[in-house]
Amino acid sequence: MYSFEPNEEQQMLIDAVGKYAENDLRPAAHDAEENRELPKKLVSKGWELGLLQASVPETYGGFGERSAVTGVLAVEEMAYGDLAGTLAVMTPSLFATPVLLGGSEEQKQEYLPKIIEGEWAPYTAALVEYAFDFDPTALKTTAKAEGSSFILNGEKAFVPFAKDAEALIVYANLDGGTQGFIVKKEAAGLSISEEREKAMGLNALPMYRIKMENVTAERLGGASGHDFELILSAMRVASAAAAVGVARSSFEYAKNYAKEREAFGVKIAQKQAVAFMLAEMATEIEAIRLLTWEAAWKLDNGKEDAHTAAYLAFTGAADMAMMVTDRGVQIYGGHGYIRENPVELLMRNGRGFPMLLGTAIV
Amino acid sequence: MTIEFEAPKPLVNMQNMLQTVAENMMRSTSREMDENEHSIPWDYIEFMHTAMRSMGGAGGLAPVEEKPKEGAEKRPPIGYQKLAVQIEMLAWGDVGYYLVTPGGGLGAAAVQAAGTPEQKAKFLARFNEEKPTFAAMCMTEPGAGSDTSAIRARAVLDEKTNEWVINGEKIFVTAGDKSFTEYEKLGKGFIVVWASIDPSAGRAGMRAFVVEAGTPGVKITKLEHKLGIRASDTASISLVDARVPFENLLGSPTVEKTTTGFKGAMATFDATRPLVAASGLGVARAALEFLKEKLKENGVEIRYGLPRQKLTSVEREVIDMEIMLKSAWLMVLKAVWMADNKKPNALESSMSKVKAGDVCTKITQKAVEILGPIGYSREFLLEKWFRDAKITDIYEGTGQINRLVVARQILGYSGSELR
Ligand SMILES: Cc1cc2nc3c(=O)[nH]c(=O)nc-3n(C[C@H](O)[C@H](O)[C@H](O)COP(=O)(O)OP(=O)(O)OC[C@H]3O[C@@H](n4cnc5c(N)ncnc54)[C@H](O)[C@@H]3O)c2cc1C
């Protein structure tokens, strides 16, 4: 059957996350970006919604089961509030979800309860590399087997909360394919930049460069490793959902503004040039939302073309987010260019998606 | 309810069956029909009529209501979903052919949307009879296209005979000829004519009338020559003192001054827009598949999974096309799923049409561009699909009109607040 309506449980979750996005994340977004800091309370309140906890089985300290569909619904809703806040709240998932998806039994037992049962704690992951042609399937960071361990060498960029992380998953090139490796905070040869990354947007989120020189690490999934494509696709649909949330936010601000602002004696929304932009924004958002839902559903149901679907959703979402957030600024006119107005930050965040892979996962 | 994307079995089966029809009956003669405008593909018409009757219903754009088997669990209705899948598949074969699939088309859809139960029973039964039968809808006039409130056709009640007397000029009537001209091989069809019973009342005065084939005073005055969809006839129809019985006015026979009449027309569009979108997407899929096939023959494989920076420009284009096509199709599915579940879908319906209009013109145009001479040559069907696709962005509300509908919906504006 085709069906396009979240179930009751998912709807409750959407409502709860939506409230947090609307009442907590949105009002905090501007100052957080300007001050380069997210209030701790804000993040722990988001953590307490229990999104990650609900996707981990009881045996590992959670209270539910992972569903990519539920995940993308929640991420869209939260990202509608603020992207930096969302990525912060979800940072522990960057570690926990790959462990859940590809970890060995021992790894799951060792890490999941610790992450799930406690307060929000910075477990994170490092995927992005500082290169124009960054490609998650052809990484420059390398891993070499040495006995039962692996030796990592390379550099990573945009690693959220790396500085305080207890442990992180580092993705590296092992014999031509990508694999994740668990690296502990105290590992010798691991260095984390003093300075935080400075980027066009997402400045509220502390992100760092890291460097590895002969770092000894443990392979995710143990000796036999894991299916990286599953992790990559879970990242792609999460990113796509976040892009939908960001775009929706810009669209909504622009729509409301267009109904208030007057020019030539009418509301600017009454001018077709503006109304059509809004219609197209709404249409493209809906298009990518559905594509993302379908990709997530295919992942949950192990469909053959699930990974292609996730790739297409991610690729389409990146373009859509740019188009929509650009028009958000356009509809505000000169005021859209001023940092006081929310569409400005949304445009900077909207541009990030092609490279933000690896900062969200469901 | 839940979120689910598993195609229901009956849809998959139907799709497979129709693919055979598309390949064997449509594609093989597509070119011939394109080059012999105004010829009628009787084989296809008769075959489809027989096939649809045996499947339990031939009604064109109105969904067949399924009677649940005794004892069987009641399943959610999928009538509109079925139609969308069916139309997409037929249009993948040849959208011109699809438009001459017998059944009620837009005419029956209007009866379905605006008619009383008695009228539905009376006018819709014919599509399941022995001979294939057509119906059409006449809204557009030389001076009134997008602005349907400007129609000048007039209906006056002759109280002595209790008949409506209709005068007017209608143009661009899809299947107008097959619905009105009495061909030996066809059953008796009808056209639904929109006319005003009170020109001073604007839209509130508009009503739809069923005009039976052969009604005196009604003439097919022209068959258009077109850019594409040449297998489909597009007729001009003139009505001079054409008389129809009182009860052929669709909807309530009491003639109050309300906008109900016009709302009837709009309800027709809510139901049919995603279906028109589906037809455009069928053409787009055909074009995209052809493009990929030709690229493959020439050793170009699309490397899914790579970041944009690493892709060739052709790969990028193809990937973008796929994103467009897949997401547009999901929008159609959502709109018809809403229709099946009786959820108001004016917004989703128009959005799917906006998107499909864009997507199918872009995909067909880009495919022709990428394939160069192969795309432009009449040796292949791609150049035809390019011409066929364009109509999707024009009829059933142009891309602009559907953007207006979407914008009004999201802004909460009336027609007078946003024109
Ligand atoms: C092959 C074919 C089959 C058809 N079949 C049928 C049929 O079966 N029954 C039927 O009744 N009609 C049918 N039509 C008519 C079709 O629905 C109209 O052509 C269409 O609605 C546009 O009307 P128009 O051609 O008068 O263009 P116009 O209304 O004159 O529009 C011209 C241009 O102006 C734009 N425009 C108009 N108004 C606005 C506005 N308010 N804001 C912004 N832009 C605007 C339009 O988008 C378009 O780009 C058919 C047409 C064709 C070509």
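Structural data are supplied above this passage.
About the cut-offs
Residues numbered from 1 in each chain as written. Chains lettered and ligands numbered in written order. Predicted model: local features only at pLDDT ≥ 70, side-chain atom pairs only at ≥ 80, totals over all residues. Heavy atoms only, no water. Helix = DSSP H or I, 4+ residues; strand = E, 2+ residues; numbered from the N terminus. Rg over C-alpha atoms; globule rule 2.2 N^0.38 Å. Buried < 20%, exposed > 50% of the residue type's maximum accessible area, 1.4 Å probe, protein only. Areas by Shrake-Rupley, 256 points an atom, 1.4 Å probe, with all protein chains shown as cover. Lys, Arg positive; Asp, Glu negative; His and termini not counted. Charge placed at Lys NZ, Arg CZ, Asp CG, Glu CD. Contact = heavy atoms within 4.5 Å. Axes fitted to C-alpha atoms, helices over the stretch in contact; angles between N-to-C directions. Parallel < 35°, antiparallel > 145°, perpendicular 65-115°, else oblique. Left-handed = near helix turned anticlockwise from the far one by under 90°. Nonpolar A, V, L, I, M, F, W, Y, C, P; charged D, E, K, R; others polar. Expected span 1.5 Å × (residues − 1). Pairing = 2+ DSSP bridges.

### What to know about the overall build of chain B
A count of helices and strands for chain B gives 13 helices and eight strands. Here chain B has a C-alpha radius of gyration of 22 Å; the compact-globule value for 419 residues is 22 Å, and the two agree. Its C-alpha atoms give chain B principal-axis dimensions of roughly 75 × 55 × 50 Å. Looking at the 419 residues of chain B, the share that counts as buried comes to 58%. Split by element, the accessible area of chain B, about 17,600 Å² in all, is 53% carbon and sulfur. The centroid of the 53 positive side-chain charges in chain B is displaced by 4 Å from the centroid of its 53 negative side-chain charges.

### Remarks on the overall build of chain A
Along its length, chain A carries nine helices and 10 strands. What you see for chain A is a C-alpha radius of gyration of 20 Å, in line with the 21 Å of a compact globule of 362 residues. Buried residues in chain A amount to 62% of all 362 residues. The long-range fraction of contacts in chain A, counting pairs at least 24 apart against all pairs at least 6 apart in sequence, stands at 74%.

### Here's the deal with the packing of helix α1 (residues 8-35) of chain A against helix α2 (residues 40-47) of chain A
Residues and elements named next belong to chain A. Orientation of α1 relative to α2, taken along the N-to-C sense of each, is 155°, at an axis distance of 11 Å. Taken together, α1 and α2 sit at an angle that is classed as roughly antiparallel. Between α1 and α2 the crossing geometry is left-handed. Between α1, through Tyr20, Asp24, Leu25 and Ala28, and α2, the contact on the second element is made entirely by Leu42, Val43, Lys45 and Gly46. Grouping the constituent residues of the contact of α1 with α2 by class yields five nonpolar, one polar and two charged.

### What to know about helix α3 (residues 42-54) of chain B
Between the first and last C-alpha of α3 of chain B there are 18 Å, a value that for 13 residues agrees with the 18 Å anticipated at 1.5 Å per step. Taken residue by residue, α3 of chain B has Trp42, Tyr44, Ile45, Met48, His49, Ala51 and Met52 of chain B as its buried positions.

### Topic: the pairing of strand β3 (residues 154-158) of chain B
Residues and elements named next belong to chain B. Of the strand pairs in this sheet, β3 and strand β4 (residues 163-174) are connected by five bridges, and their pairing is antiparallel. Pairing of valine 156 across the sheet is with valine 165, part of β4. The loop that links β3 with its antiparallel partner β4 comprises four residues; one of these, asparagine 162, has a positive phi angle of about 55°.

### Side note on the pairing of β4 of chain B
Sheet topology places β4 of chain B next to strand β8 (residues 234-245) of chain B; nine bridges connect them, and they run antiparallel. Residue pairing in the sheet places tryptophan 164 of chain B in a bridge with valine 244 of chain B of β8 of chain B.

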